[in-house]
Amino acid sequence: MSPQPGSPESAFLEGYDAFKHEGRFRHINETGAARFGALGFPAKKHEMFTFVNLREFLAEKFEHVEGPEKMPSKDEIKPFVYAGCENSLVVLVDGRFSAALSDMTAHDGNASATELDEGNPALDVHAENDVFASINALFLTGGVKIEVTNEGAQIGVPIQVLHISTAQARSAGKVPAYSPRIVVNLPGDAKARIAVKYCGLGKAYFVNTVTDLVLGEGAELDVSSVQGDPASAWHFSKTTARQKKNSRLGIVGATTGGRLVRHNFDLRLEGEGAALSLLSLAILDGAEQSHNYVRVTHDAPGCKSFEHYKNILRGRSVSSVDTTVTVNAGAQLAVSEQLVNNLMFSSTARADTKPRLMIRADDVKCKHGATVGRIDEAQIFYLVSRGLSEKAAKALIISGFAKGVLNAMPNGPISADAESLLLNKLGE
Amino acid sequence: MLEIKDLRAGLVEGTEILRGISLTVKKGEIHSIMGPNGHGKSTLSKILIGHPAYKVFSGSVLWNGKDLLALSPEERALEGLFLAYQYPVEIPGVNNAEFLRMAYNAKLKKQGKETVDPLDFEDILTAKMELLGMDQKFRERAVNEGFSGGEKKKNEILQMAVLEPQLAVLDEIDSGLDIDALRIVADGVNKLSNSENAVLAITHYPRLLQYIKPRFVHVLFNGAIVRSGGYELAEELEETGYDSYLKK
Ligand SMILES: Nc1ncnc2c1ncn2[C@@H]1O[C@H](COP(=O)(O)OP(=O)(O)OP(=O)(O)O)[C@@H](O)[C@H]1O
Ligand SMILES: [Mg+2]
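Residues numbered from 1 in each chain as written. Chains lettered and ligands numbered in written order. Predicted model: local features only at pLDDT ≥ 70, side-chain atom pairs only at ≥ 80, totals over all residues. Heavy atoms only, no water.

## Concerning the overall build of chain B
Link 1 in the chain: Within chain B one finds 9 helices and 10 strands.
Link 2 in the chain: The C-alpha radius of gyration computed for chain B amounts to 18 Å, which stays within 12% of the reference 18 Å derived for 248 residues, consistent with globular compactness.
Link 3 in the chain: Counting only C-alpha atoms, chain B reaches 60 × 40 × 35 Å along its principal axes.
Link 4 in the chain: The buried share of chain B, reckoned over its 248 residues, is 54%.
Link 5 in the chain: Nonlocal contacts in chain B, meaning residues at least 24 apart in sequence, comprise 68% of its contacts between residues at least 6 apart.
Link 6 in the chain: For chain B, the accessible surface area stands at approximately 10800 Å², while carbon and sulfur atoms represent 49% of it.
Link 7 in the chain: Considering chain B, the positive charge centre built from 30 side chains and the negative charge centre built from 36 side chains are found 4 Å apart. (Helix = DSSP H or I, 4+ residues; strand = E, 2+ residues; numbered from the N terminus. Rg over C-alpha atoms; globule rule 2.2 N^0.38 Å. Buried < 20%, exposed > 50% of the residue type's maximum accessible area, 1.4 Å probe, protein only. Contact = heavy atoms within 4.5 Å. Areas by Shrake-Rupley, 256 points an atom, 1.4 Å probe, with all protein chains shown as cover. Lys, Arg positive; Asp, Glu negative; His and termini not counted. Charge placed at Lys NZ, Arg CZ, Asp CG, Glu CD.)

Quick look at the structure:
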């Protein structure tokens, strides 16, 4: 099915025609193109984009870019590397994995980062249902596989995955678009922490990442993610997880906003006793948008999922949390919790929440809750009546609200980075 | 120190709750207010601290000779007025020790003194917690969040101990406390009271008063102080209840 000439889809496919596709990933690009053609950009009432306003995105002119014209030097990326992660570092520049800038020597061969192989099962996009993930496949030219090599290996030093966008457009008036692709693989009983950082050099760009997390039996993975793109950036991500028996996955995401940020999580608890927690904090201002679209599936008995989203909204910013937990037949003794707290600072900001449960098993413990409100006046007064100024009281309450999520990040440079990026945004 | 004269006050929208209260508290004194539920005890305490839900219609409150009502709640706190709330507010995410340090430093700053860093404050806090026989776990928890009723009350007393107010208004500090906790809290109040400060304790039970030995006991009934006496008045009320007032 070819899109209408002049439609946003046809503009994207025009880019695809110009894009060389003789490489290793050609068949993935073609499947991606077919999926993109079939899915198209969502119409107004699309179930996966209920709260997302794509109007400005669709009016923008993008050009797909395969890596930077010139890779930055090690010195140039140094300011973005977390202290302690110098030898535990995976760098992607403009969506392109750079083995030269990456360094995994801290792990003595117990963990590696290598060029993604086109046969990786995570790259099967025949059934892709997210149009942005199909765009990622459409323009895929490479990616990185991060792997813990041996069962039971404990990776002590966090692995930093650094996404840098140079935002250099090749043609005038176009916004560069990047399609990073990451696969993380933990074998049985392996343990690792990953710290993902997104940053860009000021101008507009569109970063459209797909990350697949694969956890073997008893594996434990913690992923902290700091989305620190500039306010002019478009940021889309899809994260999938497949968890085997007794594995544990913890994801903590901090979002500073951008023109439009949308995170899609497709998280599957496939083995008995697998556990998952997803914590998210967004601090938004101006006309920024941040959306979470989350699907958690309990496929086996005794699994646990915990989700907690916090959004702080100012100006005309917009956030949404659309999360569904599905407990499939046979996934007895499921425990799940979905919490959303929105703190509003302006009457023109907007926060939508849609937590849902779809339960096909009978022995489950599931709850969800959402709050939307301004800072509680009683809390402010309590602090003021102890001698704090109103401003100090508010700042303390807001940072307390944010820390509920940030404190779940590993201590040190990662949480400090998230804290300074996000909390600085609140300082007037 | 505190001179309340013919105070009429109530809700911002106009409902009158206090109908002409007069009360003087001097340095070094411990006063107690008793009275039936819903007759205005907490309202009085909130008026004193400047809670925005309440409004003064007439009368005056002098604080060390100055007009207390002209001060903002923040200034009142900085000048040494402290209210231990009947229902302390939970503030999720805000670290108790950090909050206390900020309040402590705000007060030092007001007094023109140098503020303390977190490490020095650790020691101050540890000492106060030991003085009150309090579990150190309160330090790292979020302000009142998930605290039991009694723990919240102890946390109010901890704040009082750290801030060393001139006048501490304790609104039912004894409700919800177990027997040991009541003794600890009362001991804390006793240890912290001296000839330079004063306590105004609102309570329903003579038990607290047995420990803190107020010099004056007042009965607040229908928005006014209808009787004042010594400690023996509390014992009398325990016998007779408020029936005689209700009948009037
Ligand atoms: N913010 C408010 N909004 C509405 N009514 C109020 C408010 N504050 C106080 N009142 C009313 O004013 C009256 C006095 O309340 P107050 O809390 O002062 O009583 P109290 O003497 O402290 O009672 P208790 O012994 O039960 O604590 C009550 O009838 C109460 O319902
Ligand atoms: Mg009361």
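## Digging into the sheet that holds strand E19 (residues 334-344) of chain A
Residue and element names in this part refer to chain A.
Link 1 in the chain: If you walk across this open sheet you meet the 10 strands as E3-E2-E6-E9-E11-E13-E15-E17-E19-E21, and the pairing is mixed. In this open sheet, the two edge strands, each paired with only one partner strand, are strand E3 (96-103) and strand E21 (364-373). Between one strand and the next, the sheet's axes are offset by a mean angle of 10°, whatever the strand orientation.
Link 2 in the chain: Two strands pair when backbone bridges link them, and strand E17 (residues 304-313) and E19 are joined in this way by 10 bridges, in the parallel orientation. Bridge pairing in E19 links His-308 to Leu-339.
Link 3 in the chain: Taken strand by strand, helix H7 (residues 390-406) contacts strand E13 (248-255), strand E15 (275-284), E17 and E19, and its axis lies near 150° from that of E17.
Link 4 in the chain: Packed on one face of the sheet, helix H8 (residues 413-426) meets strand E9 (191-200), strand E11 (220-227), E13, E15 and E17 and runs near 35° to E15. (Pairing = 2+ DSSP bridges. Axes fitted to C-alpha atoms, helices over the stretch in contact; angles between N-to-C directions.)

## Brief notes about the interface of chain A and chain B
Link 1 in the chain: Taken residue by residue, the interface counts 18 residues in chain A and 29 residues in chain B.
Link 2 in the chain: Both sides of the chain A and chain B interface together cover about 1800 Å² of buried area, and 70% of this is carbon and sulfur.
Link 3 in the chain: Sorting the residues of chain A by area buried against chain B places Phe381(A), Tyr382(A) and Arg386(A) first, and these three jointly supply 42% of that buried surface.
Link 4 in the chain: Counting across the chain A and chain B interface gives 1 salt bridge.
Link 5 in the chain: Taking the shortest distance from any N to any O, the salt bridge between Glu156(B) and Arg386(A) comes out at 2.7 Å.
Link 6 in the chain: Our count for the chain A to chain B interface comes out at 8 residue pairs in polar contact (both at pLDDT 80 or more).
Link 7 in the chain: For the side of chain A that touches chain B, the secondary structure elements donating two or more residues are helix H6 (377-384) and H7 of chain A.
Link 8 in the chain: With 7 residues, H7(A) is the single largest residue contributor to the side of chain A that touches chain B.
Link 9 in the chain: Its residues assigned to classes, the side of chain A that touches chain B comprises 10 nonpolar, 5 polar and 3 charged. (Buried area = accessible area lost by both parts, 1.4 Å probe. Salt bridge = Lys/Arg side-chain N within 4 Å of Asp/Glu carboxyl O. Polar contact = N/O pair within 3.5 Å; in protein donor to acceptor, adjacent residues only side chain to side chain. Nonpolar A, V, L, I, M, F, W, Y, C, P; charged D, E, K, R; others polar.)

## Here we look at the coordination of the magnesium ion (ligand 2)
Link 1 in the chain: For the magnesium ion (ligand 2), every protein donor is listed as Ser42(B) (OG) and Gln86(B) (OE1), and the spread of their distances is 2.0 to 2.1 Å. Of this pair, Ser42(B) sits in helix H1 (residues 41-49) while Gln86(B) sits in the loop between strand E6 (81-84) and helix H3 (96-110); the two residues are 44 residues apart in sequence, bridging distant segments of the chain. (Donors = N, O, S within 2.8 Å, 3.2 Å for Na, K, Ca; no water.)

## A closer look at the site of ligand 1
Residue and element names in this part refer to chain B.
Link 1 in the chain: Around ligand 1 sit 14 residues, and of these Gly-38, Lys-41, Ser-42, Thr-43 and Tyr-54 come closest.
Link 2 in the chain: Gln-86 is positioned with one of its side-chain polar atoms (N or O) 3.0 Å from an oxygen atom of ligand 1.
Link 3 in the chain: Measuring from an oxygen atom of ligand 1, one finds a side-chain N or O atom of His-204 at 2.9 Å.
Link 4 in the chain: Burial of ligand 1 by the surrounding chains reaches 62%, relative to a free accessible area of 630 Å². (Near = heavy atom within 4 Å.)

## Things to note about the pattern of salt bridges
Link 1 in the chain: Under the defined criterion, the tally for this structure stands at 35 salt bridges over all chains.
Link 2 in the chain: Between Arg24(A) and Glu118(A) there is a salt bridge whose closest N-O contact spans 2.8 Å. Of this pair, Arg24(A) sits in the loop between helix H1 (8-18) and helix H2 (26-39) while Glu118(A) sits in the loop between strand E4 (111-115) and helix H5 (131-138), and the two are 94 residues apart along the sequence.
Link 3 in the chain: Residue class for Arg24(A) comes out partly exposed when judged on its relative accessible area of 40%.
Link 4 in the chain: Residue Glu118(A) is classed as partly exposed on the basis of its relative accessible area, which comes to 28%.
Link 5 in the chain: In this structure, Glu16(B) and Arg8(B) form a salt bridge, with 3.2 Å as the shortest nitrogen-oxygen distance.
Link 6 in the chain: Relative accessible area serves as the criterion here: at 27%, Glu16(B) is assigned to the partly exposed category.
Link 7 in the chain: One network of salt bridges, in which partners are shared, links Arg24(A), Glu115(A) and Glu118(A).

## Digging into the packing of H3(B) against helix H5 (residues 149-163) of chain B
All names here are of chain B.
Link 1 in the chain: One can describe the packing of H3 onto H5 by two numbers: an axis separation of 10 Å at closest approach and a directional angle of 35°. As for the relative orientation of H3 and H5, their crossing is right-handed in sense. Residues Asn-96, Phe-99, Leu-100, Ala-103, Tyr-104 and Lys-107 of H3 lie in contact with H5, whose contacting residues are Asn-155, Leu-158, Gln-159, Val-162 and Leu-163.
Link 2 in the chain: Each residue belonging to the contact of H3 with H5 can be placed in one class, and the counts come to 7 nonpolar, 3 polar and 1 charged. (Left-handed = near helix turned anticlockwise from the far one by under 90°.)

## Considering the domain arrangement of chain A
All names here are of chain A.
Link 1 in the chain: As far as domains go, chain A holds domain 1 (8-375) and domain 2 (376-428).
Link 2 in the chain: On a C-alpha basis, the centres of domain 1 and domain 2 stand 26 Å from each other.
Link 3 in the chain: With 33 residues of domain 1 at the contact, the number on the domain 2 side is 24 residues.
Link 4 in the chain: The tally of links between domain 1 and domain 2 comes to 1 salt bridge.
Link 5 in the chain: With a shortest N-O distance of 2.9 Å, Asp-417 and Lys-197 are connected by a salt bridge.
Link 6 in the chain: Looking at the side of domain 1 that touches domain 2, the elements with two or more residues in it are E9, E11, E13, E15, E17 and E19.
Link 7 in the chain: Considering only residue class, the side of domain 1 that touches domain 2 consists of 15 nonpolar, 11 polar and 7 charged. (Domains from an automatic or database assignment.)

## Some thoughts on the nonpolar core
Link 1 in the chain: In this structure, Leu48(B) and Leu167(B) are the most contacted members of the largest nonpolar core, which totals 113 residues.
Link 2 in the chain: Here the element with the most residues in this core is H7(A); it accounts for 8 residues.
Link 3 in the chain: Counting only domains with at least three residues in this core, you end up with domain 1 (8-375) and domain 2 (376-428) of chain A.
Link 4 in the chain: When near neighbours in sequence (up to four residues on either side) are disregarded, Leu48(B) contacts Leu2(B), Ile4(B), Val61(B), Leu68(B), Arg76(B), Leu81(B), Val169(B) and Leu200(B). (Core = buried A, V, L, I, M, F, W, Y, C linked by side-chain atoms within 4.5 Å.)

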